Amino acid sequence: MRRSPPRLVIVGGGFTGATVAVQAARRSPIALDIVVIEPSAELGRGLPYQGHDPDHRVNGPIASHSIDPLDTGHVQRWLDKSDELQKDPAAQCSFGTFLRRSDYGRYLHESVLEFSKKNESGSTIRHHRDRVRQIKLESEHVVLELEQGHHLLGDSVVLAFGNPASRLPPMLKHVSKSPIVVHAPLVGSALHQLCERLAPGSEVAVMGTSLTAADVISTLLRQTSGVGITAFSRRGLIPHRQRPPDPLAPSSLPKTWLVDRINGEVPSYLFPDEGSPFTVRHLCRAMRKRIKMLTNQGLPWQQGFDEARDVVWQFWPLLTAQEKQRFLRRLRVWYDVARFRLPPQTAESIDKAVAAGRLAFCAQALQGVQVLEGQRLKLTFQKKGKQVEQEFDALINCTGFDLGGPVDQKTLAGKLVQAGILVKDESGIGFSVDKTCRVIHSNGQASSRIRLVGPATAGVFGDSLGAMFIAVQAHRMLPSLFNDLGQAR
Ligand SMILES: Cc1cc2nc3c(=O)[nH]c(=O)nc-3n(C[C@H](O)[C@H](O)[C@H](O)COP(=O)(O)OP(=O)(O)OC[C@H]3O[C@@H](n4cnc5c(N)ncnc54)[C@H](O)[C@@H]3O)c2cc1C
């Protein structure tokens, strides 16, 4: 009697769910029944690639953003068949091609459709529009309880639910309902509604100076006129620039260059001499020395930084829990501005606005917010040891995700923690998984049926936040998943 194909259920259909589905369908040795549970209408978009803002761009060149890391030319082939670049000529610049995130979202969605129609293993990929409420492990399978009341059985489950919700800093809680305070600017239309209301001469405060702030600033610059912008954070650090293309790079790289690079050997200079402890201090010194050596040769600093960044998943687990926490507390902000770089187009509009006196970046910590009569805000800052007050017409929160905060009990992750299926990892910014992404339950056992991929594993792998790292992480995880699914037949 012929048995039906084993079922792989993917929870969440953002970039992570999409790349897992496509890679599983292309590489599985047997046909699979792949079901992606995602409430949104299109797979692949998730939070970052669902908006329509023409100024929000993918922050890396397209070859590093393929849905399939073993086929890095896939985005370019999609572009060659479409008219995206005619519609958005600014995407191409001397640094490479940096697509609008909305167009990249379309690429991801259409790629899932492409491989749903035809793939190497003869698998099916189905999108089930719903949200998973709870997951239960039974001896023969996993039971997924869906919000619309259905239950679904799976032989294996990959959790791909992405990042936690944006953080609302405690001092903004009492003003979060005010129409002049936008607390999640990349979700919904609150930012665009605010732009429509801002008259020339208004002053806007942007809380945060990272990539989210850069997105918001580029929207404000395009959609308002004569509005002054002050972006602030404790240290006032702004993301660095992309590196210029390497003139010495071979003109055609093998399709697998990304996997080769990320799965390649850790450079020996990153390890201390035998007998010395492996510490964050050692890593910083080794990276600084290497970067200095390269820049002295006229090479960009990013080259030295990226050598370490690309293989961070291999050496981060070797640090002790204390060292990881030390890095997160003291060095992460410095690492992040070098790691999460500005798309060149965004960098250019920011530079112009600073030069024109329309935008300023400040190192100051927000201490309090007061709504004044006439719909203005009084913000109190700590700046160079002094308290200063400033008035604004609006405040936009760009402080990003609360990776290290308590897990929200109402989310699926929160319920899985309560059920003992997930546990926080030792660094506190994600959940515990083993090398093959099998979740570690509260009893210390690795699950044979549930895996977790993407940003929620950053505590274990150091960096599973960008598309290229997630795609290669999925690639590494799949052989063990195929093994389990083969046994499920
Ligand atoms: C604003 C922004 C811009 C970014 N830009 C870039 C970039 O340019 N390049 C880059 O490499 N990385 C970028 N990133 C990093 C980004 O995290 C990854 O690229 C990638 O999008 C992560 O995908 P994900 O699927 O894990 O998460 P998400 O995109 O958050 O998707 C998670 C999905 O899971 C679904 N979901 C959640 N809970 C459930 C549930 N219970 N049941 C069913 N479905 C559920 C959600 O609906 C959502 O669609 C950006 C991140 C942000 C926030």
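Rules behind the numbers
- Residues numbered from 1 in each chain as written.
- Predicted model: local features only at pLDDT ≥ 70, side-chain atom pairs only at ≥ 80, totals over all residues.
- Heavy atoms only, no water.
- Near = heavy atom within 4 Å.
- Polar contact = N/O pair within 3.5 Å; in protein donor to acceptor, adjacent residues only side chain to side chain.
- Areas by Shrake-Rupley, 256 points an atom, 1.4 Å probe, with all protein chains shown as cover.
- Helix = DSSP H or I, 4+ residues; strand = E, 2+ residues; numbered from the N terminus.
- Nonpolar A, V, L, I, M, F, W, Y, C, P; charged D, E, K, R; others polar.
- Salt bridge = Lys/Arg side-chain N within 4 Å of Asp/Glu carboxyl O.
- Buried < 20%, exposed > 50% of the residue type's maximum accessible area, 1.4 Å probe, protein only.
- Axes fitted to C-alpha atoms, helices over the stretch in contact; angles between N-to-C directions.
- Parallel < 35°, antiparallel > 145°, perpendicular 65-115°, else oblique.
- Left-handed = near helix turned anticlockwise from the far one by under 90°.
- Contact = heavy atoms within 4.5 Å.
- Patch = residues over 30% accessible without salt bridge, like charges linked within 9 Å, V, L, I, M, F, W, Y side chains within 5 Å.

Section: the site of the ligand
So, step 1. Surrounding the ligand, one finds 31 residues, the nearest of these being Thr-16, Glu-38, Tyr-49, Asn-59 and Ala-467.
So, step 2. In this structure, a nitrogen atom belonging to the ligand sits 2.9 Å away from a main-chain N or O atom of Val-132.
So, step 3. Taking Ala-467, its main chain carries an N or O atom lying 2.6 Å from an oxygen atom of the ligand.
So, step 4. In the complex, 87% of the free accessible area of the ligand, which totals 1,000 Å², lies under the protein chains.
So, step 5. Mapped onto the shell around the ligand, the elements with two or more residues apiece are helix H1 (15-27) and helix H15 (467-487).
So, step 6. When the residues that make up the shell around the ligand are grouped by side-chain class, the tally is 18 nonpolar, nine polar and four charged.

So, the pattern of salt bridges
So, step 1. Applying the stated criterion across every chain, the model contains 35 salt bridges.
So, step 2. One salt bridge connects Asp-393 with Arg-376, and the closest N-O pair in it is separated by 2.8 Å. Of this pair, Asp-393 sits in the loop between strand E16 (386-392) and strand E17 (394-397) while Arg-376 sits in strand E15 (residues 376-383), and the two are 17 residues apart along the sequence.
So, step 3. In this structure, Asp-408 and Lys-410 form a salt bridge, with 3.8 Å as the shortest nitrogen-oxygen distance.
So, step 4. The class for Asp-408 is partly exposed, based on a relative accessible area of 37%.
So, step 5. Of the residues examined, Lys-410 reaches a relative accessible area of 69% and is grouped as exposed.
So, step 6. Several salt bridges converge on common partners, so that one network encompasses Arg-26, Arg-27, Asp-68, Asp-71, Arg-77 and Glu-120.

A closer look at the packing of helix H9 (residues 301-310) against helix H11 (residues 321-339)
So, step 1. Between H9 and H11, the least distance of the axes is 11 Å, while the angle of their chain directions is 115°. The pairing of H9 with H11 is recorded here as roughly perpendicular in orientation. The handedness of the crossing between H9 and H11 comes out as left-handed. Each of Trp-301, Phe-305 and Arg-309 in H9 lies in contact with H11, whose residues at this interface are Tyr-335, Ala-338 and Arg-339.

Describing a nonpolar patch on the surface
So, step 1. A grouping of Leu-47, Leu-186, Val-187 and Phe-401 is seen on the molecular surface, where their side chains present a nonpolar patch of about 290 Å² in accessible area.
So, step 2. Position of Leu-186 relative to the elements: it lies in the loop between strand E10 (181-182) and helix H5 (190-197).

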